[in-house]
Amino acid sequence: MDLSFRKPRRITHEDVPGTWALLRDRLRPRAQRRYRLPSLTAFLMNVTVLYSVSRQRQARKLTDVYMNPPLDRVGMLQWKRFEHIVAQGYAHACEVLDGTAPVPAGDD
């Protein structure tokens, strides 16, 4: 089972806020902030996941059944959504085993 993201999010250089903009935003009340930055824990976990992508691709070539449920809007630390995530994964597994799930393209 592969729980990694399917496609990376593209951000252009113009979309990245500057240091001062981030600092001003950080001084605003939490509800009024424009930028959502990951916590240090989430950042380190993302780096770990990115490091293992090439190994996942190699292992994927050796599998008979490949599952990658659509969990695009789920963060790694969202434990409150556990039941919803399990339901999404179960539905995707049923589709894969029935042969109705789409086959991921371009990863070979």
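The rules we used
- Residues numbered from 1 in each chain as written.
- Predicted model: local features only at pLDDT ≥ 70, side-chain atom pairs only at ≥ 80, totals over all residues.
- Heavy atoms only, no water.
- Helix = DSSP H or I, 4+ residues; strand = E, 2+ residues; numbered from the N terminus.
- Buried < 20%, exposed > 50% of the residue type's maximum accessible area, 1.4 Å probe, protein only.
- Contact = heavy atoms within 4.5 Å.
- Areas by Shrake-Rupley, 256 points an atom, 1.4 Å probe, with all protein chains shown as cover.
- pLDDT = per-residue confidence, 0-100.

Let us look at the overall build of the protein chain. Assigned secondary structure in the protein chain consists of four helices and zero strands. Along the protein chain, helices and strands appear, N-terminal first, in the series α-α-α-α. Each of the 108 residues in the protein chain was classed as buried or not, and the buried ones make up 14%. Sequence separation of at least 24 residues holds for 59% of the intrachain contacts in the protein chain that already meet a minimum separation of 6. Accessible surface for the protein chain amounts to roughly 9900 Å². Of this, 58% is attributable to carbon and sulfur atoms.

This next bit is on the confidence of the model for the protein chain. Looking at the protein chain, the pLDDT average stands at 79 and 83% of residues meet or exceed 70. Within the protein chain, the lowest mean pLDDT, 80, falls on helix H3 (residues 53–61), and the highest, 91, falls on helix H1 (residues 19–27).

Bringing the environment of Glu 95 into the picture now. Structurally, Glu 95 can be placed in helix H4 (residues 82–98). Sequence-wise, Glu 95 and Pro 69 are 26 residues apart; in three dimensions their C-alpha atoms are separated by 9.9 Å.

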